[in-house]
Amino acid sequence: MQSPWKILTVAPLFLLLSLQSSASPAYNDLSRPSYSNGHTCVGCVLVVSVIEQLAQVHNSTVQASMERLCSYLPEKLFLKTTCYLVIDKFGSDIIKLLSADMNADVVCHTLEFCKQNTGQPLCHLYPLPKETWKFTLEKARRIVKKSPILRYSRSGSDICSLPILAKICQKIKSAIEQSVPFKDVDSDKYSVFPTLRGYHWRGRDCNDSDESVYPGRRPDNWDVHQDSNCNGIWGIDPKDGIPYEKKFCEGSQPRGIILLGDSAGAHFHISPEWITASQMSLNSFINLPTALTDELDWPQLSGVTGFLDSTVGIEEKSIYLRLWKRNHCNHRDYQNISRNGASSRNLKKFIESLSRNKMLDYPAIVIYAMIGNDVCNGKSDPVPAMTTPEKLYSNVMQTLKHLNSHLPDGSHVILYGLPDGTFLWDNLHNRYHPLGQLNKDVTYAHLYSFLNCLQVSPCHGWMSSNKTLRTLTSERAEQLSNTLKKIAASEKFTNFDLFYMDFAFHEIIQEWQKRGGQPWQLIEPVDGFHPNEVALLLFADRFWEKVQLQWPQILGKKNPFNPQIKQVFGDQGGH
């Protein structure tokens, strides 16, 4: 997916991505040329579609629907204020064009948020007008011919160009690019703040003024005087004078869970309510500021490190919550070292954000799950840009050597294979996208084609009508999985055991179908690409079952003192 930092810089303009913002391509390929600033085009078409559909749903004017949209937005991050400013600048032209029955594609091409460059195909989400495109566009341009807004450039400026915000933006940008908390007083890579790479991503710090206090470390003097590892267990039992940490945790084999992942591991999620006019209300955007400051990721609900109860009504828990249930001494010991666009190629740019001291900390279970971006990109010809098995071997070995130098002895590393993404097209292509449900006019096939045309697709190889291309992508994914399997079988390291696990999405589909579900219900509805929360939790369940059966030593012992820990410390300080 696109760069989360670029999303964040245009957060106040999220609903019209209008004044600027070239949302850069994914981290995995910063040199990739995008077609006519494709992300801005997508943003414009999305928002104009919502405005048009709000007017239709509420039988109102376009002006009223724009004001309605702004009224739904929260004040945080200046979202509501900026929305009204955008209306003031572009609203009159949008009203004129929509009132003349121009669709969102025509509006955005007319206002030059979308452009058809010479020699490039025409990119459109909706069916083409009945009249020729050239005639329709000329007609639309005549409608706004005297508009002053076309004098303004669509690029080169963003919210962070304002002097008052430049310094804070730079600090936020640096924190996100390095994948470390923005607010971290003692620089131990843990924070008391939830977003901006805070405790949504790794265990909450319990003392942000002491760098020797953080989740996952072995207790200092059995935590007689303070909670040095933030698991909520400290002090001395007055009945026998034994420190609680020693009594409850010694010999229980505490361990943390660490994910090295991409946007799927970070749980990339755009709420359908944000773009579905018939569902939109004052409550729809409550979580938008949090999502934006988490890069549109939801690691607090992910299948590996999620610490909140599921929002989707299933009983399955994340791997972290299962480890905590197994041994309450594991409390808060989780790290989600994932980034949108991450792959084996660029992991070295942010793996230093992993926090583990081989001498001072407990062992860890590390899951390596770069499941997409080594084969996924948005190029018009995606195959040459895919990682080769030879290059994957080199990249993964570099990662494993880094882990061996940082992980405590007794750790475990599991390499996850890549999925067969042909299930995306097979299960979604003829279904209506949330933008197309009202008027039955936009399917996922249309969305995929639009994104591919703009060269901003998260995965042209699988999100394509070209069956040969989908097959080639799956074949490369299988080759890369086999490479990971060979590494796990042949390589040895001093500080951790190495394992391999298939990304068996077909098993998840079968389990979901047993419960009466359909395969398409396991995919994020807005982007039509990522596994959703249900899928991620089912993966966690499958992971746990396989590890218990094949490698139970990975999980550590069940702690018999869990009831006593709960009795003495309650929720252990929460998160």
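Residues numbered from 1 in each chain as written. Predicted model: local features only at pLDDT ≥ 70, side-chain atom pairs only at ≥ 80, totals over all residues. Heavy atoms only, no water.

Notes on the UniProt feature "domain: Saposin B-type" (unreviewed entry) in the protein
Next up, step 1: Residues annotated in UniProt with the feature "domain: Saposin B-type" (unreviewed entry) correspond here to residues 37-118.
Next up, step 2: Taken end to end, residues 37-118 has its terminal C-alpha atoms 14 Å apart, with 72% of it in helix and 0% in strand. (UniProt positions renumbered as here; feature names shortened; annotations may be inferred. Helix = DSSP H or I, 4+ residues; strand = E, 2+ residues; numbered from the N terminus.)

Section: the sheet that holds strand β1 (residues 256-261)
Next up, step 1: On the basis of which strands lie adjacent, the open sheet formed by five strands has the order β2-β1-β3-β4-β5 and parallel pairing. Where the open sheet ends on each side, the last strands, each with one partner, are β2 (334-338) and β5 (496-501). Along the sheet, successive strands turn relative to each other by an average axial angle of 15°, direction set aside.
Next up, step 2: In this structure, strand β3 (residues 364-369) lies alongside strand β4 (residues 411-416), joined through four bridges in parallel fashion. Residue pairing in the sheet places Y368 in a bridge with L415 of β4. (Pairing = 2+ DSSP bridges. Axes fitted to C-alpha atoms, helices over the stretch in contact; angles between N-to-C directions.)

Some details on a negative patch on the surface
Next up, step 1: Taken together, the side chains of D420, D426, E475 and E478 present a region of like negative charge at the surface.
Next up, step 2: Along the chain, E475 turns up in helix α14 (residues 467-490). (Patch = residues over 30% accessible without salt bridge, like charges linked within 9 Å, V, L, I, M, F, W, Y side chains within 5 Å. Areas by Shrake-Rupley, 256 points an atom, 1.4 Å probe, with all protein chains shown as cover. Salt bridge = Lys/Arg side-chain N within 4 Å of Asp/Glu carboxyl O. Lys, Arg positive; Asp, Glu negative; His and termini not counted. Charge placed at Lys NZ, Arg CZ, Asp CG, Glu CD.)

Overview of the pairing of β1
Next up, step 1: Within β1, six of the six residues are buried, which leaves the element mostly enclosed by the surrounding structure.
Next up, step 2: Burial along β1 is two-sided: the residues G256, I258 and L260 and I257, L259 and G261 are all buried.
Next up, step 3: With six bridges joining them, β1 and β3 adopt parallel strand pairing. Residue L259 lies in a different strand from β3, and its bridge partner there is I367.
Next up, step 4: Inspection of the sheet shows β1 paired to β2 by five bridges, in the parallel sense. When the bridges of β2 are listed, L260 appears paired with I337. (Buried < 20%, exposed > 50% of the residue type's maximum accessible area, 1.4 Å probe, protein only.)

Details of the state of the cysteines
By definition, a disulfide is the covalent link that joins the sulfur atoms of two cysteine residues.
Next up, step 1: Scanning the entire structure with this criterion turns up seven disulfides.
Next up, step 2: Disulfide pairing places C44 opposite C108 at an S-S distance of 2.0 Å. Residues C44 and C108 are joined through a disulfide that is left-handed, its torsion about the S-S bond being -90°. Of the two residues, C44 is situated in helix α2 (residues 38-57) and C108 in helix α5 (residues 104-110); the sequence distance between them amounts to 64 residues.
Next up, step 3: A sulfur-sulfur distance of 1.9 Å marks the disulfide that ties C123 to C453. Because the sign of the S-S torsion sets the handedness, a value of about -80° for the bond joining C123 and C453 places this disulfide among the left-handed ones. In this pair, C123 sits in the loop between α5 and α6 (133-143) while C453 sits in helix α13 (residues 444-454), placing the two residues 330 residues apart along the sequence.
Next up, step 4: Residue class for C453 comes out buried when judged on its relative accessible area of 16%. (Disulfide = S-S within 2.5 Å.)

Quick notes on the domain arrangement of the protein
Next up, step 1: If you check the domain split of the protein, you get domain 1 (35-146), domain 2 (201-252 + 559-574) and domain 3 (255-549).
Next up, step 2: For domain 2 versus domain 3, the separation of C-alpha centres amounts to 32 Å.
Next up, step 3: Listed by partner, the interface residues are 28 residues for domain 2 and 27 residues for domain 3.
Next up, step 4: Looking only at domain 2, the three residues that lose the most surface to domain 3 are W201, R202 and R218, adding up to 39% of its buried area. (Domains from an automatic or database assignment. Contact = heavy atoms within 4.5 Å. Buried area = accessible area lost by both parts, 1.4 Å probe.)

Considerations on a positive patch on the surface
Next up, step 1: On the surface, K139, R142, K145 and K146 cluster together into a patch of positive charge.
Next up, step 2: Assignment of secondary structure puts K146 in the loop between α6 and α7 (163-178).
Next up, step 3: Residue K146 is classed as exposed on the basis of its relative accessible area of 83%.

Thoughts on helix α3 (residues 62-72)
Next up, step 1: Inspection of α3 places V62, S65, M66, L69, C70 and Y72 among the buried residues, and these make up the whole buried set. Each buried residue of α3 lies within a common arc of 160° when the element is viewed along its axis, so the set occupies one face.
Next up, step 2: In this structure, the buried side of α3 is in contact with α2 and α4 (79-99). (Arc of directions from axis to C-beta.)

Comments concerning the pairing of β4
Next up, step 1: Judged by how many residues are buried, β4 sits mostly within the fold: six of six residues are covered.
Next up, step 2: Of the two faces of β4, the one carrying S411, V413 and L415 and the one carrying H412, I414 and Y416 are both buried.
Next up, step 3: As a crossover connection, the stretch from β3 through helix α11 (residues 389-406) into β4 is right-handed.
Next up, step 4: In this structure, β4 lies alongside β5, joined through six bridges in parallel fashion. Residue V413 lies in a different strand from β5, and its bridge partner there is L498. (Right-handed = clockwise from strand over helix to strand, strands pointing away.)

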